[in-house]
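# Coordinates in review
Spelled out from the first residue to the last, the chains are:
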Amino acid sequence: MRLPISSNTHVLVLTGAGISAESGVPTFRDAGGLWEGHDVERVASPRGFFDDPLLVWRFYSERRAALTGIVPNAGHRALVDLEARLGDRFLLVTQNIDGLHLAAGSQRVVEIHGNLMRSRCTRCDRPSFADTTAYRAGVAPMCGRCKQRGEDSILRPDVVWFGEPVVKDALPRIETFVDAAGAHLVFLAIGTSGLVYPSASFVDVTRRAGGTSWLVNLEASANADRFDHVVLGKASQELPALFAT
Ligand code: BV8
């Protein structure tokens, strides 16, 4: 089966943890939504961070350390090739914070939930900055710039937690792309369980725009019945065939 791509097709892609699974990055479902017995929504939330910042920094530091040596796979590369074919008629939105799409060479990328390899201050307006440090257990990284102004503040990973608004400008950028595409929109969701909003609603946005929707996933996702086409399989195997010319 091939994705119907003509000279005026606009392709909006949404990826989730499943596209990084074959690079060796565990998905959220693998952990059954838990990490060391903690409900991921609890650890990946402002409340969880307020309650136990050291636990949350351990959660993210371990995920930073686990990315060492992890490289993009054929699924990521297939999307780089598709972007080269479509140019500004392509937009890739990822829920993943592992940076693998950028590492693969994708350029038109919206990291809607932020990026694990960046940190930011919880208080001052210091811009977020690249930070690959996997902090030792018990160490809470501090801002330093706040210290110059009096009391120092703790840093946080530059990711979007449950209950927080997604990355600024992400939704307007997606909306602009969908409006420009209209009925020429093809929406492709890859490797996502369709449980987290607002990403899980993009299939509905597509239908309202008059576009068609495709899902490539190992299993039927929570919102699979809202897609026009469902391809069950591994992203690294299905995507090259789906994008064949
Ligand atoms: C917001 C970053 C509003 C951190 C993440 C009740 C109803 C509806 C919504 C809500 C509700 N209660 C609360 C909400 C809102 C909430 C939400 O949706 N909750 C859900 C759980 C019900 N959403 C939010 O809070 C969002 N913000 O709504 O803001 C707002 C507005 C203004 C002001 C204030 C607030 C923010 C959500 C972002 C949370 N952060 N990540 C981190 O990573 O630690 S979410 C995190 O979990 C991931 O980013 C990802 O999005 C999600 C996990 O989903 P998937 O990526 O799909 O991964 P999963 O493991 O679940 O599935 C993988 C799939 O791949 C599987 O189906 C598997 O079969 C498949 N697969 C595996 N291998 C392969 C494969 N497929 C293909 N090939 C393979 N090889």
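Anyway, here's the lowdown on the structure attached to this text. (Residues numbered from 1 in each chain as written. Predicted model: local features only at pLDDT ≥ 70, side-chain atom pairs only at ≥ 80, totals over all residues. Heavy atoms only, no water.)

### A short note on the pattern of salt bridges
This structure, assessed with the given rule, holds 13 salt bridges. Measuring nitrogen to oxygen at the nearest pair gives 2.4 Å for the salt bridge that ties arginine 58 to glutamate 36. Of this pair, arginine 58 sits in helix α4 (residues 53-66) while glutamate 36 sits in the loop between β2 (34-35) and β3 (38-39), and the two are 22 residues apart along the sequence. Residue classification places arginine 58 among the partly exposed residues on the basis of a relative accessible area of 29%. Using a relative accessible area of 46% as the deciding quantity, one classes glutamate 36 as partly exposed. (Salt bridge = Lys/Arg side-chain N within 4 Å of Asp/Glu carboxyl O. Helix = DSSP H or I, 4+ residues; strand = E, 2+ residues; numbered from the N terminus. Buried < 20%, exposed > 50% of the residue type's maximum accessible area, 1.4 Å probe, protein only.)

### Quick look at the site of the ligand
Taken together, 32 residues are adjacent to the ligand, and Arg63, Gly163, Thr192, Ser193 and Tyr197 come closest. Here leucine 218 contributes a backbone N or O atom positioned 3.2 Å from a nitrogen atom of the ligand. Notes on the ligand: free accessible area 1,500 Å², of which the protein chains cover 75%. Secondary-structure elements contributing two or more residues to the shell around the ligand are α1 (17-21) and α4. Take the shell around the ligand: its biggest share by element is three residues, from α1. Tallied by class, residues from the shell around the ligand come to 14 nonpolar, eleven polar and seven charged. (Near = heavy atom within 4 Å. Polar contact = N/O pair within 3.5 Å; in protein donor to acceptor, adjacent residues only side chain to side chain. Areas by Shrake-Rupley, 256 points an atom, 1.4 Å probe, with all protein chains shown as cover. Nonpolar A, V, L, I, M, F, W, Y, C, P; charged D, E, K, R; others polar.)

### A closer look at helix α5 (residues 74-86)
Compared with an ideal rise of 1.5 Å per residue, which puts 13 residues at 18 Å, α5 spans 18 Å between its outermost C-alpha atoms and is within 8% of the ideal. Restricting attention to buried positions, one finds in α5 the residues Gly75, His76, Ala78, Leu79, Val80, Leu82, Glu83 and Leu86. Where α5 is buried, its residues meet β1 (10-15), α1, β4 (90-94), α6 (100-104), β9 (185-190) and α10 (235-242). You can read the cap of α5 off the contacts: a side-chain oxygen lies 2.7 Å from the backbone nitrogen of glycine 75, and it is on asparagine 73. (Expected span 1.5 Å × (residues − 1). Contact = heavy atoms within 4.5 Å.)

### Considering the layout of surface pockets
Of the volumes computed, that of the second largest pocket is approximately 230 Å³. As for the second largest pocket, its lining consists of 13 residues, and the residues nearest its centre are Glu111, Gly114, Asp158, Val167 and Lys168. Elements with a minimum of two residues in the lining of the second largest pocket: β5 (109-111) and β6 (114-121). Per element, the largest residue contribution to the lining of the second largest pocket is three residues, and it comes from β6. Residues of the lining of the second largest pocket, tallied by class, amount to six nonpolar, two polar and five charged. (1 Å grid on protein atoms, 1.4 Å probe; cavity = no way out; pocket = protein on both sides within 12 Å on 5 of 7 lines; lining within 4 Å. Points joined across faces, edges and corners; volume = space filled by probe spheres on them.)

### As for the sheet that holds strand β11 (residues 229-232)
If you trace the six strands from one edge of the open sheet to the other, you get β5-β4-β1-β9-β10-β11, paired in parallel fashion. Each having just a single partner strand, β5 and β11 make up the two edges of the open sheet. On average, adjacent strands in this sheet sit at an angle of 15 degrees to one another, irrespective of strand direction. Sheet topology places strand β10 (residues 212-217) next to β11; four bridges connect them, and they run parallel. Paired with leucine 215 across the two strands is valine 230, which belongs to β11. Sheet strands touched by helix α9 (residues 202-209): β1, β4, β9 and β10. Its angle to β9, the strand with the most contacts, is close to 165 degrees. Strand contacts of α10: β9, β10 and β11, with the helix running at about 145 degrees to β10, the strand carrying the most contacts. (Pairing = 2+ DSSP bridges. Axes fitted to C-alpha atoms, helices over the stretch in contact; angles between N-to-C directions.)

### Things to note about empty space enclosed by the protein
Overall, the coordinates contain one cavity of 30 Å³ or more when judged by the stated rule. Surrounding the largest cavity, Leu14, Phe187, Ala189, Thr192, Gly194, Ser199, Ala200, Val203, Asn223 and Phe227 form its lining. When its residues are assigned to classes, the lining of the largest cavity shows six nonpolar, four polar and no charged.

### Considerations on unusual backbone geometry
For the peptide bond that leads from tyrosine 197 to proline 198, omega is 5 degrees, which places it in the cis range. Along the chain, the position of proline 198 falls in the loop between β9 and α9. Even without glycine at this site, glutamate 36 takes up a positive phi of about 50 degrees. Located in the positive-phi region is aspartate 169, a residue other than glycine, with phi close to 75 degrees. Note on placement: aspartate 169 falls in the loop between β8 (155-159) and α8 (170-181).

### A look at α9
Side chains that are three or four residues apart share a direction in an α-helix, a result of its 3.6 residues per turn. All buried positions along α9 are accounted for by Phe202, Val203 and Thr206. With its buried residues spanning 105 degrees around the axis, α9 presents them on a single face. Those residues of α9 that are buried are in contact with β1, β4, α8, β9 and β10. Glycine 210 sits one or two positions beyond α9 and adopts a positive phi of about 90 degrees. (Arc of directions from axis to C-beta.)

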